[in-house]
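Residue strings, one per chain:
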Amino acid sequence: MAKEIKTIAVLTSGGDAPGMNAAIRAVVRTAIYRGVKVKGVKKGYNGLLNEDIIDMAPRNVSDIIQRGGTVLGTARCLEFKKVEYQEKAAEICRKHGIDGIVVIGGDGSYRGAQALSRQGINAIGIPGTIDLDIACTEYTIGFDTAVNTAMEAIDKVKDTSSSHERCSIIEVMGRHAGYIALWCGIANGAEDILLPENYDYNEQEIINHIIESRKKGKIHHLIINAEGIGHSTSMAKRIEAATGIETRATILGYMQRGGSPTAMDRYYASIMGSYAVDILLEGKTNRVVGYRYGEFTDFGIEEALQMQKDIDRYQYEVARRLTI
């Protein structure tokens, strides 16, 4: 019979993502609604090892759902990869009466949750990453806000670049995944979209496309470049030298992590946060919450980490068709 859970903790780990606060709020209020005490761990696994742990009440999460970032803070913690620190973290949880923990973050955060489960602390992961690169789920908290932030910024750059008849290379985030780049490429009407999943580094093809487009009367050429490819500034110099067309690179950077989350991010984060508490109180551990085929569900962390994800080929083909 599963041990009764009387106190749970919640932490955010890895890169921050808009909507994390909505998830924290849902975890805290769902747990208290169900008669369980809640503690907040500040600064991720680093804070857990340093016992930076606070009691949480409904009022602690008032007026945070519209805020970007995470009120609990986040930090990288390379130490947590070592078994001795995982054992220490589990002992700290027991010291503070923590029976279960909800971890909001990406795949690295899941590995930390998996380690705590192995040490006897029930752990559930929630997908919080703007990169949309977790294979077990069709949705990750923060992606919708990030892609809308990037789209609006690209629109503004495109306006001024059109006025000057430039070629623009705009680099968006995503780590090794091209989802933000693909979505922005289609939403912003880009002529070229460079994705880590399929870019062959044939710059001559891009150069030819720019020249052909200019001959057809296009006064501006927009290239969306994914972070996983990078080198946008040097690429711009090479393209300008080859085409004679003024080419500028803009790297959007961390602005994509910030800002008030969209309704979608607030909604999905709230459901996922509540779902995580429910399955934790059912006695589940070493699981990750996901959204698939129109339903919220959960997977074993081991299974989730082994799943592979790739860009939908049809969606990329649509992007190419629309550049004519």
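The present account deals with the structure reproduced in this document. (Residues numbered from 1 in each chain as written. Predicted model: local features only at pLDDT ≥ 70, side-chain atom pairs only at ≥ 80, totals over all residues. Heavy atoms only, no water.)

### Let's talk about the overall build of the protein
And then number 1: Scanning the protein for helices and strands turns up 11 helices and 11 strands.
And then number 2: Each of the three principal axes of the protein carries a C-alpha extent, and together these read 70 × 35 × 35 Å.
And then number 3: Within the protein, the proportion of its 324 residues that are buried is 53%.
And then number 4: The contacts in the protein between residues at least 6 apart in sequence include a share of 74% that link residues at least 24 apart.
And then number 5: Here the protein displays about 14,600 Å² of accessible surface, and carbon together with sulfur accounts for 48% of that area.
And then number 6: Put simply, the protein has 39 plus and 41 minus side-chain charges, and the middle of one group is 4 Å from the middle of the other. (Helix = DSSP H or I, 4+ residues; strand = E, 2+ residues; numbered from the N terminus. Buried < 20%, exposed > 50% of the residue type's maximum accessible area, 1.4 Å probe, protein only. Contact = heavy atoms within 4.5 Å. Areas by Shrake-Rupley, 256 points an atom, 1.4 Å probe, with all protein chains shown as cover. Lys, Arg positive; Asp, Glu negative; His and termini not counted. Charge placed at Lys NZ, Arg CZ, Asp CG, Glu CD.)

### Quick look at the side chain of Gln-114
And then number 1: Residue position: Gln-114 is located in helix α4 (residues 107-118).
And then number 2: Here Gln-114 falls in the buried class, since its relative accessible area comes to 8%.
And then number 3: In this view, Gln-114 contacts Asn-286, Ile-301, Glu-302 and Leu-305; residues no more than four positions away in its chain are not counted.

### Focus: the sheet that holds strand β2 (residues 37-41)
Note: strands within a sheet are paired through backbone hydrogen bonds, in either parallel or antiparallel orientation.
And then number 1: Judged by pairing direction, the sheet is mixed, and its seven strands sit side by side in the order β3-β2-β1-β4-β5-β10-β11 without closing on themselves. Each edge of the open sheet is held by one strand with a lone partner, namely β3 (53-56) and β11 (295-300). Neighbour to neighbour, the strand axes of the sheet diverge by 30° on average, direction disregarded.
And then number 2: Relative to β3, β2 is paired through four bridges, and the arrangement is antiparallel. Paired with Lys-39 across the bridge in β3 is Asp-55.
And then number 3: Helix-sheet contacts for helix α9 (residues 263-281) involve β1 (7-12), β4 (100-105), β5 (122-127), β10 (287-292) and β11, and the interaxial angle to β5 is about 165°. (Pairing = 2+ DSSP bridges. Axes fitted to C-alpha atoms, helices over the stretch in contact; angles between N-to-C directions.)

### A few points about unusual backbone geometry
And then number 1: Even without glycine at this site, Lys-43 takes up a positive phi of about 65°.
And then number 2: By the secondary structure assignment, Lys-43 is in the loop between β2 and α2 (44-49).
And then number 3: Lys-43 sits in the partly exposed class, given a relative accessible area of 45%.
And then number 4: With a phi angle near 55°, His-231 is a residue other than glycine that sits in the positive phi range.
And then number 5: Its place among the elements puts His-231 in the loop between β8 (221-226) and α8 (232-243).
And then number 6: Accessibility expressed as a relative area gives 61% for His-231, which makes it exposed.

### Things to note about the nonpolar core
General note: in soluble globular proteins, nonpolar side chains tend to be found buried as a group.
And then number 1: Counting residues in each nonpolar core, the largest one holds 60 residues, and the members touching the most others are Ile-8 and Ile-126.
And then number 2: Leave out the neighbours within four places in its chain, and Ile-8 touches Val-27, Ala-31, Val-36, Lys-37, Val-38, Lys-39, Ile-98, Gly-100, Val-277 and Leu-280.
And then number 3: Core analysis: the second largest hydrophobic core is formed by 30 residues, Ile-92, Leu-116, Ala-135 and Phe-299 among them. (Core = buried A, V, L, I, M, F, W, Y, C linked by side-chain atoms within 4.5 Å.)

### Comments concerning the environment of Ile-229
And then number 1: With respect to the helices and strands, the residue Ile-229 is situated in the loop between β8 and α8.
And then number 2: Considered as a pair, Ile-229 and Leu-195 are 34 residues apart in the sequence and their alpha carbons are 7.2 Å apart.
And then number 3: The residues touching Ile-229, leaving out its near neighbours within four places in the chain, are Leu-194, Leu-195, Pro-196, Tyr-199 and Tyr-201.

### Looking at the layout of surface pockets
And then number 1: Taken as a whole, the largest pocket encloses approximately 740 Å³ of empty space.
And then number 2: For the lining of the largest pocket, the element with the highest residue contribution is α4, accounting for eight residues.
And then number 3: For the lining of the largest pocket, a count of residues per class yields nine nonpolar, 13 polar and 10 charged. (1 Å grid on protein atoms, 1.4 Å probe; cavity = no way out; pocket = protein on both sides within 12 Å on 5 of 7 lines; lining within 4 Å. Points joined across faces, edges and corners; volume = space filled by probe spheres on them. Nonpolar A, V, L, I, M, F, W, Y, C, P; charged D, E, K, R; others polar.)

### Details of the environment of Thr-70
And then number 1: Locating Thr-70 in the fold gives a position in the loop between β3 and α3 (83-95).
And then number 2: C-alpha of Thr-70 to C-alpha of Ala-90: the two residues are 20 residues apart in sequence and 23 Å apart in space.
And then number 3: Setting aside anything within four residues of it in sequence, one finds Thr-70 in contact with Thr-12, Asp-16, Met-20, Asn-21 and Ile-24.

### Structural notes on the packing of aromatic side chains
And then number 1: Applying the stated rule across the entire model yields eight aromatic pairs.
And then number 2: Geometrically, the ring pair formed by Tyr-45 and Phe-80 is stacked, given 4.3 Å between the ring centres and 20° between the ring planes. Residue Tyr-45 is found in helix α2, and its partner Phe-80 is found in the loop between β3 and α3; the two are separated by 35 residues along the sequence. The same class applies to Tyr-45 and to Phe-80, which are both buried.
And then number 3: For the pair Tyr-139 and Tyr-268, a centre-to-centre distance of 4.3 Å together with 35° between the ring planes defines the contact as tilted. Of this pair, Tyr-139 sits in the loop between β5 and α5 (143-164) while Tyr-268 sits in helix α9; the two residues are 129 residues apart in sequence, bridging distant segments of the chain. Each of the two residues, Tyr-139 as well as Tyr-268, counts as buried. (Phe/Tyr/Trp six-rings, centres within 6.5 Å; stacked < 30°, edge-to-face > 60°.)

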